[in-house]
Every structure is written in structure tokens, then in C-alpha cells.
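# An overview of the molecular structure
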Amino acid sequence: MKISILYFSKTGNTKEMANVISRGIKKVSDFEVGIFDLENIDDDFLLESKAVIFGTPTYMANTCWQLKKWFDEGNKYNLEGKLGAVFSTAHYAQGGGDIALLTLINHLMVKGMIVYSGGSALGKPFIHLGPVAIDENFEKSKKMFEIFGERIALKTKEIFLNKNI
Ligand SMILES: Cc1cc2nc3c(=O)[nH]c(=O)nc-3n(C[C@H](O)[C@H](O)[C@H](O)COP(=O)(O)O)c2cc1C
């Protein structure tokens, strides 16, 4: 099964976390992961993916405009029925990383995706909307991002394995 991670990253933080999430996904068997920045998407891989994870830096307490633009113009991609999840990076805990996630979730809903956070009910680490990495905890957050990837992969299997969707 395939999972795509799509991100925008100007200074590398969001890209780094995309790689960490990929490590978590690969802890679960049977997954191929495609990591794509917005300029270099493998259309076939994306459309064959059962789950798509979106990553954004926080800009002005919201999703970066580059990813917002991608969604606003992105009628080319039919993501209906795929599992969708989101993550962000930000300077500050109070910098709006969660709002960046909510804006992305909004777009996932419009696309008809099945949205999954990684599940705070699963216990520690408690992931409410998706993981947010802030500067002062960046390295420490990597464990959470890896677990997030693993949880998304497990949920993807649970939903799609042996189902003809
Ligand atoms: C134009 C711009 C706006 C930003 N606005 C915020 C913000 O509102 N809140 C915040 O916490 N960080 C803000 N940041 C910091 C970035 O979200 C943070 O450095 C992020 O990790 C960068 O991701 P990247 O390295 O993948 O590009 C801003 C950065 C830029 C360039």
C-alpha cells in the first residue's frame, strides 16, 4: 500500500518532519512512502495512495499560502475517500500551528477525505489535530512525529486492507 506525504518547506523544518513521519510509517509492514514537495509530485503515486499526509509551516498563524494555493487550484487531484492527516511546524507554541492544521483539515473535508488526527484517545503522545513542531522542542518532537506516522499507517491498514475501495 502507498502513503504520500505532501509538504511545503522553505527552510527545511517541515521537510525534516516529513522524513521523520516516513520513518514511522515504515515501521508498519507493507507500505511504500512517497515524500513530495509541491513542485515535484508524482501524480500516479499520489492517486494510488490510500492515505495522504499534508505538512505546512505556520505563516501568520495559519497554513502557508503555498499549500493554500495548491488546494484552491487543485481540482486536478481527486482525493475523495482517502485517509487524510496533517502536521505543521512553527516558531512558537502560541504561534498558530494548530490553526494552520485546522485550515488544512478544512481543505481535506472539502476534498472528501477521511480525516484522522493520530488520536489523542490512544494516549501519550496526545495528538489532538495533528503534530506541531515548535523551535524550542524541535528535536524532542521527532519521537511524536514518528509515532504519528506509525498510527496513520496502522489506521490506513485497518480501513483499507482487503477492502475493494
Ligand atoms: C512568512 C513567515 C511567516 C511566519 N509566521 C509564523 C507564525 O505566525 N507563527 C509561528 O509560530 N511561526 C511563524 N513562522 C515560522 C515558521 O512557521 C517556522 O520557522 C517553520 O518551521 C518554517 O518551516 P520550513 O523550515 O519548513 O520552511 C513564519 C515564517 C515565515 C517565513
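By the naming in an unreviewed UniProt entry, the protein chain goes by Flavodoxin family protein and is assigned to Clostridium gallinarum.

For the ligand, the set of nearby residues contains 16 residues, the closest of which are S9, T11, T14, T58 and T89. Backbone polar atom of N13 to an oxygen atom of the ligand: 2.8 Å apart, as the coordinates give it. A distance of 3.1 Å is found between an oxygen atom of the ligand and a backbone nitrogen or oxygen belonging to Y92. For the shell around the ligand, the element with the most residues is strand β3 (residues 51-59), which contributes three residues. Here the residues of the shell around the ligand are counted per class, giving six nonpolar, nine polar and one charged.

Aromatic ring pairs are described here by two measures, namely the spacing of the ring centres and the angle between the planes. Applying the stated criterion across every chain, the model contains six aromatic pairs. Residues W70 and Y77 carry aromatic rings whose centres are separated by 5.4 Å and whose planes lie at 25° to one another, so their mutual orientation is stacked. Pairing F87 with F145 gives two aromatic rings, centres 5.9 Å apart and planes at 90°, and the pair type is edge-to-face. Of this pair, F87 sits in strand β5 (residues 83-90) while F145 sits in helix α5 (residues 138-160), and the two are 58 residues apart along the sequence. The buried category is assigned to F87, whose relative accessible area is 0%. Among the aromatic residues, those joined into a cluster by ring pairs are F54, W70, F71 and Y77. One Lys or Arg, K2, reaches over the ring of F45 and ends 5.6 Å from the middle of that ring.

With that settled, the discussion passes to the pairing of β3. Counting buried positions over the nine residues of β3 gives eight, a clear majority of the element. By the bridge criterion, five bridges tie strand β1 (residues 2-7) to β3 in an arrangement that is parallel. Directly across from I3, in β3, lies its bridge partner A51. When β3 meets β5, the two strands line up parallel, connected through seven bridges. Each residue of the ladder has a partner; that of F54, found in β5, is V86. Note: β3 against strand β4 (residues 62-63), two bridges, orientation antiparallel.

For the pair helix α1 (residues 13-26) and α5, the least separation of the axes is 7 Å and the interaxial angle reads 45°. What the angle tells us is that α1 and α5 run oblique. Note on packing geometry: the crossing formed by α1 with α5 is right-handed. Here α1 contributes N13, E16, M17, V20, I21, R23, G24 and I25 to the contact with α5, which in turn contributes F138, E139, S141, K142, F145, E146, F148, G149, E150 and A153. Grouping the constituent residues of the contact of α1 with α5 by class yields eight nonpolar, four polar and six charged.

Rules behind the numbers
Residues numbered from 1 in each chain as written. Predicted model: local features only at pLDDT ≥ 70, side-chain atom pairs only at ≥ 80, totals over all residues. Heavy atoms only, no water. Near = heavy atom within 4 Å. Polar contact = N/O pair within 3.5 Å; in protein donor to acceptor, adjacent residues only side chain to side chain. Helix = DSSP H or I, 4+ residues; strand = E, 2+ residues; numbered from the N terminus. Nonpolar A, V, L, I, M, F, W, Y, C, P; charged D, E, K, R; others polar. Phe/Tyr/Trp six-rings, centres within 6.5 Å; stacked < 30°, edge-to-face > 60°. Buried < 20%, exposed > 50% of the residue type's maximum accessible area, 1.4 Å probe, protein only. Lys NZ or Arg CZ within 6 Å of the ring centre and 35° of its normal. Pairing = 2+ DSSP bridges. Axes fitted to C-alpha atoms, helices over the stretch in contact; angles between N-to-C directions. Parallel < 35°, antiparallel > 145°, perpendicular 65-115°, else oblique. Left-handed = near helix turned anticlockwise from the far one by under 90°. Contact = heavy atoms within 4.5 Å.

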